[in-house]
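Structural overview
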Amino acid sequence: MASHLVPSVQEMVAASGGDVVPPRYLRPEVTSDPVAGDTKAAIPVIDFQRLLDPDASHVELARFHGACQDWGFFQLINQSVPDGVAQAMMEVTEDFFRLPAETKKQFAQEPGQLDGCGHLFVVSEQQKLDWSDVLYLNTQPPERRNMKFWPDSPANLRVTLDKYTAAVKNVAECLLAIMAKNLAIQPEAIAEKCIDGIQTVRMNYYPPCAQADKVIGLSPHSDAGLLTLVLQVNEVQGLQIMRDGKWVPVSPIQGALIVNLGDTFEIFTNGRYMSVEHRVVVDPQKERLSIAVFHNPSMDAMIGPLKEIATCEKDQVYMTVDHASFRRLYFSAKLEGKNFLEGMKLKISSSSS
C-alpha cells in the first residue's frame, strides 16, 4: 500500500539539481540487465479501425491474435479517442505535475490508501523505491470515485479526466470483444464479468536523473487487471518489456495507445494470452510523463480460468479467488516481476496414481 513517508521525487530533484540520489533509490541491477538493440524486436502495431470493420480481414484479426498471444503488448493506431480529448488529457497531466509542491500535497495519499498523489507498492521502510511520482485515481464505476483526491487544479482536470477515461473505456471494451472472438468464445463470457467493471488511472511523472543508470522509474512487474491502455505525454522513451531474456525498448507512435494484457486476462484464458513483465527507465536530462488506464472486472467477479476455455477442472492452471482478495493481495506487495501471478498457479501434485 501507499506510504505517506515517501518524499516527492520531483521535490528532491528540484532541491539537488538531480545530482544527488538517496541510497534508497539506487538500483544496481538496472545496468546488469541486458537491453535488446535489435530493431526487429519492435512490438506489433494494430490498426483499430480495421479491427472494427465488419469485413475485417482475417489477416488483421490474425495479427491481433498473434500480438495478444505472442507479445502481450501492442501499439494501437487509428484508435477512437478523439484527438482533442487526448491532447487535453496530456496537457492537464503536465500542468498538474508542474503545480507547486504544497498544492499537490493537498491531494496526497493517506496511509493504507491507493488514491491520491504519491507512490504505490511501498510496503516497508527498507525497500528500494522507484524514481517517479504518481497520481492514482479510481474512475469507474462512479461510486468508487473518491473526489477528495481528484485535483481541482488545473481547473479543467476533472472534466478532462472524465471524458478521457470514458473514451478509453470504450476502446478497451471493443478490444475485449474482439479478443473473445479470436479465442472462439462468446463475448459475454468476458463482458458479463465486467459489468460495473473497475477502471483506475495512474498519471506518471518520471523526473530526469543525472545518475539515470542507477535508478528505475517503475520496477519490473506485470499489471494486475485485464487491459492497460497507456498514452505517452511526451517524446521521451522509457518503457521496456521483457522478451527472450532481454529488455525491449518501446518507441511510441504519435497518437497511438500502448496496450498490454494483465494478469487477470492471463488467468481468464488459462495462459493462452499472457501478461508481460515490463519496467520504466528514466532519462538523464529530460522528464517523461505518461497516463495509464487500467481495466478490471467488477468487484463481485470471480478471478479464475473461464469455463469456456478450461472446460475441466483438471485443466485449470490457476486458482479461482474473489476479486476483492485478488486486488488486496496484489497491492499489498512490492512490484517484483511476475511473482504475484506465479503465486496464483495451482500446485500440481507430482505423485502418480
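Not measured: the values here are computed from a predicted model. (Residues numbered from 1 in each chain as written. Predicted model: local features only at pLDDT ≥ 70, side-chain atom pairs only at ≥ 80, totals over all residues. Heavy atoms only, no water.)

1. Thoughts on the overall build of the protein
Keep this limit in mind: Each helix is a run of H or I in the DSSP string that is no shorter than four residues. Each strand is a run of E no shorter than two, and both are numbered from the N terminus. Radius of gyration: C-alpha atoms only; globule rule: 2.2 Å multiplied by the number of residues to the exponent 0.38. Only protein chains enter the accessibility calculation, which uses a 1.4 Å probe. A residue is then buried if its area is under 20% of the maximum for its type, exposed if over 50%, and partly exposed in between. Contacts are assigned to residue pairs with any non-hydrogen atoms lying within 4.5 Å of each other. Using a 1.4 Å probe, accessible areas were evaluated by the Shrake-Rupley method; residue-level cover was limited to the displayed protein chains.
Within the protein, the regular secondary structure consists of eleven helices and 14 strands. Against the compact-globule benchmark of 20 Å for 353 residues, the protein has a radius of gyration of 20 Å, which places it among compact chains. Projecting the C-alpha coordinates of the protein onto the three principal axes gives extents of approximately 60 × 50 × 45 Å. Across the 353 residues of the protein, 55% fall into the buried class. Pairs at least 24 apart in sequence give 81% of the contacts found in the protein among residues at least 6 apart. Surface exposure of the protein reaches about 15,800 Å², of which carbon and sulfur atoms provide 53%.

2. Concerning the pairing of strand β7 (residues 227-232)
Stated precisely, the cut-off is as follows: Any two strands between which DSSP finds at least two bridges are classified as paired.
β7 sits mainly inside the fold: six of its six residues count as buried. With burial as the criterion, each face of β7 is covered, one bearing L227, L229 and L231 and the other bearing T228, V230 and Q232. Relative to strand β10 (residues 257-261), β7 runs antiparallel, the two sharing four bridges. Within the sheet, the bridge partner assigned to V230 lies in β10 and is I258. Two elements, β7 and strand β12 (residues 288-295), share six bridges in a ladder whose sense is antiparallel.

3. Points about helix α4 (residues 58-71)
Note the following rule: Any helix carries an expected span of 1.5 Å times its number of residues minus one.
Between its first and last C-alpha atoms α4 spans 19 Å; for 14 residues at 1.5 Å apiece the expected length is 20 Å, and the two agree. Those residues of α4 not exposed but buried are E60, L61, F64, H65, G66, A67, C68 and W71. As for α4, its buried residues are in contact with β1 (45-47), α3 (48-52), β2 (73-77), α7 (157-182), β8 (239-243) and β10. G72 occupies a position one or two residues after α4 and carries a positive phi of about 75°.

4. Here we look at the UniProt feature "domain: Fe2OG dioxygenase" (unreviewed entry) in the protein
The test is simple: UniProt positions are given in the numbering used here, feature names are shortened, and annotations may be inferred rather than shown by experiment.
UniProt annotation of "domain: Fe2OG dioxygenase" (unreviewed entry) refers to residues 197-297 when read in the numbering used here. Counted over residues 197-297, helix gives 6% and strand 43%. Its end C-alpha atoms are 5 Å apart.

5. A closer look at the confidence of the model for the protein
Predicted coordinates in regions of low pLDDT should not be interpreted in detail. Cut-off, in case you're wondering: Known as pLDDT, the predictor's per-residue confidence is scaled from 0 to 100.
On average, residues of the protein carry a pLDDT of 88, and 90% of them reach 70 or more. The least confident element of the protein, judged by mean pLDDT, is helix α1 (residues 9-16) at 72; the most confident is β7 at 98.

6. Considerations on the packing of aromatic side chains
The following threshold applies: Aromatic pairs are defined between Phe, Tyr and Trp rings, using the six-membered ring for Trp, whenever the two ring centres lie within 6.5 Å; interplanar angles under 30 degrees are classed as stacked, those over 60 as edge-to-face, and all others as tilted. The criterion for a charge sitting over a ring is simple: Lys NZ or Arg CZ within 6 Å of the ring centre, and within 35 degrees of the ring normal.
Scanning the model with the defined rule gives seven aromatic pairs in all. Note on F265 and Y273: the rings are 5.8 Å apart at their centroids and 15° apart in plane angle, and the pair reads as stacked. Between Y330 and F340, the aromatic rings sit 5.2 Å apart at their centres with planes inclined by 85°, giving edge-to-face as the arrangement. Here Y330 is found in helix α10 (residues 323-331), whereas its partner F340 is found in helix α11 (residues 339-343), with ten residues between them in sequence. Members of the aromatic cluster, connected to one another through ring pairs, are F96, F97 and Y205. Against the face of W71 rests R243, its NZ or CZ located 3.6 Å from the ring centre.

7. Quick word on unusual backbone geometry
Excluding glycine, residues mostly carry a negative phi; peptide bonds, for their part, are mostly trans. Cis rather than trans, the peptide bond between Q140 and P141 has omega equal to -10°. Residue position: P141 is located in the loop between β4 (133-140) and α7. Between S153 and the following residue, P154, the backbone shows a cis peptide bond with an omega angle of 0°. Within the element layout of this structure, P154 appears in the loop between β4 and α7.

8. Focus on the nonpolar core
Note that soluble globular proteins tend to have their nonpolar side chains buried in a common cluster. For clarity, the threshold we go by: As used in this record, nonpolar core signifies buried Ala, Val, Leu, Ile, Met, Phe, Trp, Tyr and Cys residues forming a set joined through side-chain atoms within 4.5 Å.
Ranked by internal contacts, the top residues of the largest apolar core, which has 71 residues, are F74, Y164, L175, M179 and I291. For this core, the element with the most residues is α7, which contributes twelve residues. Sequence-distant contacts of L175, defined by excluding residues within four places in its chain, comprise F48, L51, F64, F74, L76, L227 and V259. In terms of nonpolar packing, the next biggest core, distinct from the first, is built from 26 residues, M12, L129, C209 and F294 among them.

9. Notes on the side chain of N204
Formally: Polar contacts, as counted here, are pairs of nitrogen or oxygen atoms within 3.5 Å of one another; within protein the pair requires one atom able to donate a hydrogen and one able to accept it, and residues that are adjacent in sequence qualify only if both atoms are side-chain atoms.
Along the chain, N204 falls in strand β5 (residues 199-206). On the basis of relative accessible area, N204 is assigned to the buried category, the value being 3%. A polar side-chain atom of N204 sits 2.5 Å from a polar atom in the side chain of R202. Every residue in contact with N204, bar those within four places of it in the chain, is listed here: F97, D133, V134, R288, L289, S290 and A292.

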